[in-house]
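Structural overview for review
One-letter residues, chain by chain:
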Amino acid sequence: MQPTAETSPPVSEEIRKTTCYMCACRCGINVHMKNGKVAYIEGNRDHPVNKGVLCAKGSAGIMQHNAPARLRTPLKRIGPRGSGEFQEITWDEALDMATGWLAPLRAETPEKLAFFTGRDQSQSFTGYWAQQYGTPNYAAHGGFCSVNMATAGIYTMGGSFWEFGQPDWTHTKLLLLFGVAEDHDSNPIKIGLGQLKSRGGRLIGVNPIRSGYNAVADEWVGITPGTDGLFILAIVHELLRAGRIDLAYLTRFTNAPVLVNDDPTAPDYGLFLRDDDGKMLVIDRNSGKPAAYDTPGVRPDLAATHRQAGVTYRPVFQLLADRYLSDEYAPETVAETCGIPASRIRAIAAEIARVAFDEAFELEQEWTDFRGTTHRTMQGRPVSFHAMRGISAHANGFQTCRALHILQILLGSVEAPGGFRFKPPYPKPVEAHPKPHMGVTPNGPLNGPHLGFVRGPEDLLLRDDGSAARIDKAFTWENPLSSHGLMHMVICNAHAGDPYRIDTLFLYMANMAWNSSMDTTKVMQMLTDKDAAGEYVIPHIIYSDAYDSEMVAYADLILPDTTYLERYDCISLLDRPISEADAMGDAIRWPVVAPDRDVRPFQDVLVDLAVRLGLPGFTDDGGLPVYHDYADYITNHQRRPGIGPLAGWRGKDATLVGRGEPNPDQLTHYIDNGGFFEQPVPQEARYFKPWNTAYQDWAVEMGLSDNPQPYVFSLYSEILRKFQRAAQGHGDHQPPEHLRAQIIRAMDPLPLWYPAGQDSAQASEEFPVHALTQRPMAMYHSWGSQNAWLRQIHGVNPLYLPTKLWQENGFQPGDWARVTSANGSITVPVAHMAGLNPNTVWTWNAIGKRKGSWALSPDAPEATHGFLLNHLIGELLPAQGSEPRRPNADPVTGQAAWFDLKVKIEKADPPPEQAQPEFPPLRSQVGRGPQNLAWRVGK
Amino acid sequence: MTQLPPATSRQLGLVIDLDICVGCHACVIACKGWNTEYQNTPLSDADAYGAAPSGTFLNRVHSYEVQPENGAAQTVHFPRSCLHCQDAPCVTVCPTGASYKRREDGIVLVNEDTCIGCGLCAWACPYGAREMDALAGVMKKCTLCVDRIYNKNLPEEDREPACVRTCPAGARHFGDLGDPDSAVSRLVATRDGYDLMPEQATRPSNKYLPPRPKDTLGEVDVLAPFLEPATETPEGFLGWLDRALEAL
């Protein structure tokens with residue numbers, strides 16, 4: 001007799017559809033409910049981001065939502081900072097306390113509030129709050145994440161990867177993937193790679209480590225860290241030599257034909273020749289005479305030169321060819337530095353050329369460009385590229401990202417079928433972005449948005465004495481294009497009182513006392529340091545987090561946040577939406593369950609605080625609240641007339657898209673639609689968007705822009721040249737002497753490669769080995785450790801050593817190593833990995849935990865064997881002579897150069913019992929998690 | 001001792017594509033989530049927040065490095081779960097009849113009501129695909145989501161194993177491997193799908209598709225025509241450029 005199996009059990013009483021927050025990817029999820037509780041989470045098949053699939057993090061959301069590490073009530077510090085001695089207080093007490101600190105500051109010195117949000121997905125709201133408060137000191141975590149990628153993309157081609165763009169997964173035949181951060185477009189990349197490979201397309205992985213996506217790559221290029229720019233420019237060299245570039249595309253859609261002043265003695269050397277309207281000039285092949293680049297019928301010439309008033313002007317393209325045809329970029333020249341044989345570089349260049357031009361295809365779709373020319377078809381170039389932190393988090397990352405975009409553009413593959421595609425609201429040129437603002441008025445709002453895109457030295461945020469206006473020194477000569485701010489510099493600058501002292505540090509979702517800071521030990525000390533009068537150097541610290549992270553102990557006031565299933569959120573087109581290349585889209589989270597603790601969504605708390613502080617925009621003339629909570633703000637806030645946080649179901653009758661008056665039932669429509677809204681881009685508008693009249697008009701109709709804004713790509717960046725020119729002594733805005741050389745080198749208008757920060761000859765001798773971190777696919781930052789399921793996958797993080805280092809040092813399984821950098825030393829467990837660049841070691845990011853945190857027992861492997869590389873990384877580079885120490889950052893954007901780390905490795909004999917350094921256990925605010933779990937909510 | 005059915009009408013199973021499995025563990029956790037909530041007893045986790053967490057997982061992903069004769073070492077991500085063998089040694093070894101193979105679809109299951117937790121089946125399985133649940137004291141294994149694939153409470157499109165539904169890369173396929181014309185059988189035929197450890201004579205239902213050859217680019221001779229120097233003409237780069245522009 002065969003037993004009977006139950007094959008049709010009831011699944012759930014209800015499915016509530018919302019947006020995941022287990023990483024930054026923002027997939028749609030179906031939350032199955034039983035007895036009012038979360039029973040099971042799966043991907044939403046209708047959702048544009050994940051189309052039904054879901055990663056390990058997403059499916060483990062149930063363990064995150066129910067984690068024992070959840071904070072339960074507001075807390076007030078009663079012991080010394082760092083002791084973890086807190087008293088539970090009511091929300092009224094907590095908000096009174098915060099108001100008591102913030103209101104007097106606002107009345108006199110609003111800049112003494114530094115408000116920085118970490119992995120915040122509501123930046124258009126938190127930024128608006130900070131603007132209404134009036135402090136110039138606001139940013140999210142982009143400065144220590146991937147600002148190089150974002151900024152280089154926007155300055156070069158009006159958009160970047162991930163939220164702003166993606167490979168044309170449907171048509172691409174060859175994808176080159178450079179060092180990716182797994183949580184950025186996590187599921188879409190996996191879906192796309194599966195599709196690409198299943199239909200016979202090829203993946204080339206450029207990464208020192210052969211894991212994850214690089215494990216399935218058809219070709220693995222185990223490059224030396226920090227040399228990607230050189231490898232890319234060697235490919236450019238080969239393509240130029242072979243003439244395998246898309247000249248038609250370059251003449252039409254880029255600044256390749258724009259005339260540049262080529263007279264080194266002229267004051268405008270390196271700037272563009274413009275007409276009286278300020279329009280860039282090109283030589284028209286029809287007439288041989290200069291014409292505005294956008295003249296209807298113009299045939300821009302790349303081969304001409306032009307003399308005018310004794311000055312020679314040459315097209316950008318000629319300058320570009322001069323540079324990259326030089327032997328400096330020949331495969332033979334770069335091979336050793338990159339760790340890639342010249343023959344392999346050439347083979348990859350040939351493969352790129354073959355697929356781009358010999359496998360090219362056309363889509364039968366007519367379209368009209370901004371000059372009024374109608375094209376019968378859309379020319380495809382089926383080679384695509386994707387990159388993220390791996391090339392971004394270096395001190396040469398900005399120019400490397402620019403180099404990658406230049407390669408894409410030379411192939412004619414950006415916005416071409418099969419290439420790389422923007423996602424609405426991108427493309428968007430620099431000119432369509434705001435500039436950064438610093439205008440402070442006591443008791444008034446800031447004079448504009450904090451973050452933006454500078455056009456030249458005159459836009460820097462410098463005070464009259466030349467010092468930085470912002471606490472993080474964003475938009476200064478040290479890092480002029482720091483469009484995302486520099487969160488990683490806030491604590492050290494505030495501690496040093498440079499450029500000034502602050503009063504209150506207000507942080508959200510950023511574990512700055514642990515894995516989100518460089519040199520963690522020093523940061524903990526800065527947070528607890530007192531001045532001569534016995535007061536904390538940073539007088540007040542407010543922190544909001546949902547969990548008992550390492551940062552909690554270092555704050556004075558804890559505002560406990562909800563989990564992602566207990567809150568409203570808005571993934572907005574004003575911010576970082578969920579658009580795909582074929583559709584604009586945005587999404588919400590909504591409380592699928594109510595909190596069972598005395599916690600509040602952080603955004604609701606900000607609305608409450610705004611009312612208590614009487615902030616404009618949040619209170620009316622009579623001081624009454626404009627919004628009673630964040631959901632009310634999402635529904636009714638208008639950034640411009642008719643444009644709000646959400647684009648769907650606008651207008652009183654819910655029929656309007658993008659533009660329209662607020663609809664009181666908007667959130668209900670989102671919930672009924674599975675938590676998201678999607679509006680397809682018209683067929684004719686789907687490619688060549690920066691130049692496509694149909695797209696430009698549609699974008700205006702949808703409220704993505706207020707005017708058509710076609711533009712050409714910047715192979716040559718005149719904005720960078722303006723900074724370089726200033727550093728060469730021209731103009732009213734002059735950098736400090738010690739930065740001139742750095743600016744001249746780093747802000748080259750054409751991409752170049754230089755060794756990353758710690759790669760000087762002397763440093764390389766003492767610390768010869770590159771050290772990297774990667775983010776595991778099954779974990780996100782520090783959150784994973786509290787997740788009972790995920791920590792069984794990644795509970796420890798050995799330092800992986802390549803065969804050469806493993807054998808040279810005589811390591812055996814189970815051994816430990818002492819790892820030393822210019823900044824410090826750690827002792828950690830090691831493991832052997834063969835598929836690894838021979839001069840690189842690596843480990844998983846943020847697995848290591850401090851004892852006592854995250855509701856883990858103190859003997860949890862994360863706390864005894866887990867470790868951070870952060871201890872080895874300083875926020876400043878070692879001193880060079882008498883010059884001020886330079887930040888460990890990209891000199892263009894200020895991006896934290898995490899991946900420039902160089903170390904030396906020695907066997908630790910005898911091995912320590914626990915990973916070093918060790919810190920005293922933190923006092924838990926939540927107790928320990930239960931011994932065993934047998935999780936089930938159904939009966 | 002338990003008898004295997006002489007034949008099964010169908011032989012359901014998984015086809016796992018090792019060429020595109022990125023090792024993300026999505027299948028591992030989707031399986032854990034579904035089976036924790038919907039099996040007779042949840043898949044438990046001992047010492048969940050402690051020094052040695054040890055939970056029951058019906059599907060695990062292992063990563064191996066492979067050193068080919070020439071070229072760089074390669075990483076293979078290898079998902080492992082019950083293979084629903086046609087000659088399943090875990091069934092024949094079961095003293096109570098709790099382990100059994102279904103006549104109608106070939107799925108190997110454990111009847112928790114009669115499982116005495118003796119562990120013989122785990123010992124007999126050459127693939128290590130069975131896990132004794134430490135808290136429940138019964139043997140757990142992949143059910144091929146028998147409570148999903150026929151479940152009338154799920155939409156038709158969702159009647160597939162949780163691991164297959166969630167796999168982001170599309171590396172997991174589900175179907176009738178007993179039918180040579182099924183999509184999965186055809187995929188196995190096209191891609192040279194193989195049995196795991198055939199020498200064990202278990203005749204597994206699940207198949208693996210091998211990774212395609214890697215690191216083949218480098219045969220410069222083949223690709224050289226695509227990079228023929230074109231711009232090094234007597235008139236120089238500009239001469240080439242002028243002619244190329246005229247040809248547009």
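Structure: above.
The structure reproduced in this document is the subject of the present report.

1. Side note on the interface of chain A and chain B
If you look at the interface, chain A gives 92 residues, while chain B gives 77 residues. Taken together, the elements giving at least two residues each to the side of chain A that touches chain B come down to β3 (37-43), α1 (56-59), α6 (186-198), α7 (213-216), β11 (219-221), α8 (228-242), α9 (247-253) and α12 (342-358) of chain A. Considering every element that reaches the side of chain A that touches chain B, the biggest residue donor is α12(A), with 11 residues. Of the residues in the side of chain A that touches chain B, the class split is 49 nonpolar, 22 polar and 21 charged.

2. Some words on the nonpolar core
Judged by nonpolar contacts, the single largest core of 372 residues is most densely connected at Ala56(A), Ala114(A), Phe231(A), Ile235(A), Val236(A) and Ala387(A). Among all residues touching Phe231(A), those that are not within four sequence positions of it are Ile223(A), Val334(A), Cys338(A), Ile340(A) and Ile345(A).

3. Concerning the sheet that holds β11(A)
Residue and element names in this part refer to chain A. Taken in spatial order, the 4 strands line up as β11-β10-β9-β21 in an open sheet, and their pairing is parallel. The open sheet has two free edges, formed respectively by β11 and β21 (383-387), since each of these has just one partner strand. Each neighbouring strand pair of the sheet contributes to a mean axis angle of 15 degrees, computed without reference to strand direction. Examined bridge by bridge, strand β10 (residues 202-206) and β11 share 3 bridges and lie parallel to one another.

4. Digging into the packing of helix α4 (residues 123-133) of chain A against helix α17 (residues 602-613) of chain A
All names here are of chain A. At their nearest, the axes of α4 and α17 sit 11 Å apart, and the two run at 15 degrees to each other. Considering the angle they form, α4 stands roughly parallel to α17. Where α4 crosses over α17, the handedness of that crossing is left-handed. Contacts from Phe-125, Thr-126, Trp-129, Gln-132 and Tyr-133 in α4 reach Gln-603, Leu-606, Ala-610 and Leu-613 in α17.

5. Details of the sheet that holds strand β27 (residues 583-589) of chain A
Residue and element names in this part refer to chain A. What the 3 strands build is an open sheet, ordered β26-β27-β28; its pairing is antiparallel. Where the open sheet ends on each side, the last strands, each with one partner, are β26 (569-571) and β28 (676-680). Within this sheet the neighbouring strands show an average axis-to-axis angle of 10 degrees, counted without direction. Judged from the 3 bridges that link them, β26 and β27 form a sheet pairing that is antiparallel. Looking at the pairing, Asp-569 lines up with Arg-589 of β27.

Thresholds applied
- Residues numbered from 1 in each chain as written.
- Chains lettered and ligands numbered in written order.
- Predicted model: local features only at pLDDT ≥ 70, side-chain atom pairs only at ≥ 80, totals over all residues.
- Contact = placed C-beta atoms within 7 Å.
- Helix = DSSP H or I, 4+ residues; strand = E, 2+ residues; numbered from the N terminus.
- Nonpolar A, V, L, I, M, F, W, Y, C, P; charged D, E, K, R; others polar.
- Core = buried A, V, L, I, M, F, W, Y, C linked by C-beta atoms within 7 Å.
- Buried ≥ 20, exposed ≤ 12 C-beta atoms within 10 Å, placed from the backbone.
- Pairing = 2+ DSSP bridges.
- Axes fitted to C-alpha atoms, helices over the stretch in contact; angles between N-to-C directions.
- Parallel < 35°, antiparallel > 145°, perpendicular 65-115°, else oblique.
- Left-handed = near helix turned anticlockwise from the far one by under 90°.

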